[in-house]
Amino acid sequence: MNVEKSKQLFEEAKKYIPGGVNSPVRAFKSVGSEPLFITKGDGSHFRDVDGNEFIEYIGSWGPHLFGHNPPFIRQALLNAIENGTSFGTPTELEVRMAELITQLVPSVEKVRMVNSGTEATMSAIRLARGYTKREKFIKFEGCYHGHADYFLIKAGSGALTLGVPTSPGVTKGNAADTLLADYNDIESVKKLISSNKNEIAAVIIEPVAGNMGVVPSKKEFLTGLREICTSEKIVLIFDEVMSGFRVSASGAQGLYGIQPDLTTFGKIIGGGLPVGAFGGKAEIMDMLAPNGPVYQAGTLSGNPLAMAAGYAALKHIKDHPEIYDKLEEKAFYLEKGMKDNIKALNKNYAMNRVGSMMCMFFTEETVEDFKSAVKSDTALYGKYFREMLAQGIYLAPAQFEAMFVSTAHSKEDLDKTIKAHHLALSAVI
Ligand SMILES: *Cc1c(COP(=O)(O)O)cnc(C)c1O
């Protein structure tokens, strides 16, 4: 594969951009390679500057439920741009967008738009703190909620000791208010709650985790969380930035039948533009300024272009509920093909899937939390990734990410992928 132009651009990029990229995982560091510069996407494919064409499964890290550049989103953007790019005033489209979100996700009575998933989660935590007048919150090891300071905390040694920052620049003060529990382990949550009685504002969780590879919640675990949050007056936040509109039209909460108090969105909700949102019970949301005392704002929040793309995406979901059955069929077909390949090579690698989010781990143990996920052999993943890329299949350049199937993936795409998967696995194990 000729990657001369990408190589050249990456050298230049590194002169002006830290690490040559605007978000670290794009740099291909964890797969021991260098990034490709993409020029054009169409459906399930995209192409790089050297003219290499790929069937791809990152979907811009989640947003592209319908593949690249679907005509109904492109047209919505073209129509919107005729009228101007930003007004900094209310627009009707924001009303329609909020209305549509509340229709699709019944636990959301009111919603505020922001510009990224990170903004959504950090605002939701502030709101939960303001609402409960408490300061601590619980997150789960391996869940990612964007890069706000108080999320970049990992467990210290010993279950009940303080968390420690995972990045320089995050203060010990931040770490002190973030408590770490184990995914799918309700006892670890109960312990933290009883040793921090009446101090915990919120529990935040990815109800289908997609940032330690794909790890589904157990239903009884989520039910347990719901119960304990209700009885302890803790705000339960589902971070559905990835799972929202992905695993069902009403996200993971629809799939599991559990209503959180607040939900955060991103990715699909923007139709490929930079959008996030957080919403939930009106009683909590009404604490936000200008109604209430909890401050939150954004110069470009609810931007007309972003709303046009996001509304087109959500409207398509509302008008075509059958897409989720089709996504399930496609993803199941791909999963089965990959599982058969694994078996044929006498391996038993863990494979997790919820709808069109899936992940193969290079470990033969069941993956159900962070500790089991990190047993995966990431060096082997790197080799596998490079083999797949050489065959024209572009996967996430890191093990602990999701593989996304879109409505644009054809049976031919999936068959090519399954064939490449067999060859790649045979070459690396
Ligand atoms: C991607 C992601 C975020 C962060 O969203 P950004 O738009 O990258 O800031 C937060 N939570 C989850 C679950 C995500 O997958």
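What you see is a predicted model; the values in this text were computed from it and never measured.

Glancing now at the overall build of the protein chain. On a plain count of helices and strands, the protein chain comes out with 14 helices and 18 strands. Over its C-alpha trace the protein chain gives a radius of gyration of 21 Å, about what one expects of a compact globule, namely 22 Å for 429 residues. Taking the principal axes of the C-alpha coordinates as reference, the protein chain spans close to 55 × 55 × 45 Å. A buried classification covers 55% of the 429 residues belonging to the protein chain. Nonlocal contacts in the protein chain, meaning residues at least 24 apart in sequence, comprise 71% of its contacts between residues at least 6 apart.

So, on to the side chain of Glu206. Along the chain, Glu206 turns up in the loop between β9 (200–205) and β10 (208–209). As a buried residue without a salt bridge, Glu206 has its nearest oppositely charged side chain in Lys267, at a separation of 7.1 Å. At a separation of 2.9 Å, a polar atom in the side chain of Glu206 contacts the main-chain amide nitrogen of Gly210. Not counting residues within four places of it along the chain, the set of residues in contact with Glu206 comprises Gly142, Cys143, Tyr144, His145, Tyr183, Asn211, Ser217 and Asp239.

Next up on the list: the nonpolar core. Of all hydrophobic cores here, the largest spans 40 residues; its most connected members are Ile138, Phe140, Ile205 and Leu225. Element by element, the count of residues in this core is highest for helix α7 (residues 219–231), at 5 residues. Shared between two domains, this core holds at least three residues of each, these being domain 1 (4–69 + 323–428) and domain 2 (72–319). Not counting residues up to four positions away in its chain, the partners in contact with Phe140 are Leu180, Ala181, Asp182, Tyr183, Val189, Val203, Ile204, Ile205, Phe221 and Leu225. Phe28, Ile342, Met360 and Leu414 belong to the second-largest nonpolar core, a separate cluster that totals 36 residues.

What counts, and where the lines are drawn
- Residues numbered from 1 in each chain as written.
- Predicted model: local features only at pLDDT ≥ 70, side-chain atom pairs only at ≥ 80, totals over all residues.
- Heavy atoms only, no water.
- Helix = DSSP H or I, 4+ residues; strand = E, 2+ residues; numbered from the N terminus.
- Rg over C-alpha atoms; globule rule 2.2 N^0.38 Å.
- Buried < 20%, exposed > 50% of the residue type's maximum accessible area, 1.4 Å probe, protein only.
- Contact = heavy atoms within 4.5 Å.
- Lys, Arg positive; Asp, Glu negative; His and termini not counted.
- Salt bridge = Lys/Arg side-chain N within 4 Å of Asp/Glu carboxyl O.
- Polar contact = N/O pair within 3.5 Å; in protein donor to acceptor, adjacent residues only side chain to side chain.
- Core = buried A, V, L, I, M, F, W, Y, C linked by side-chain atoms within 4.5 Å.
- Domains from an automatic or database assignment.

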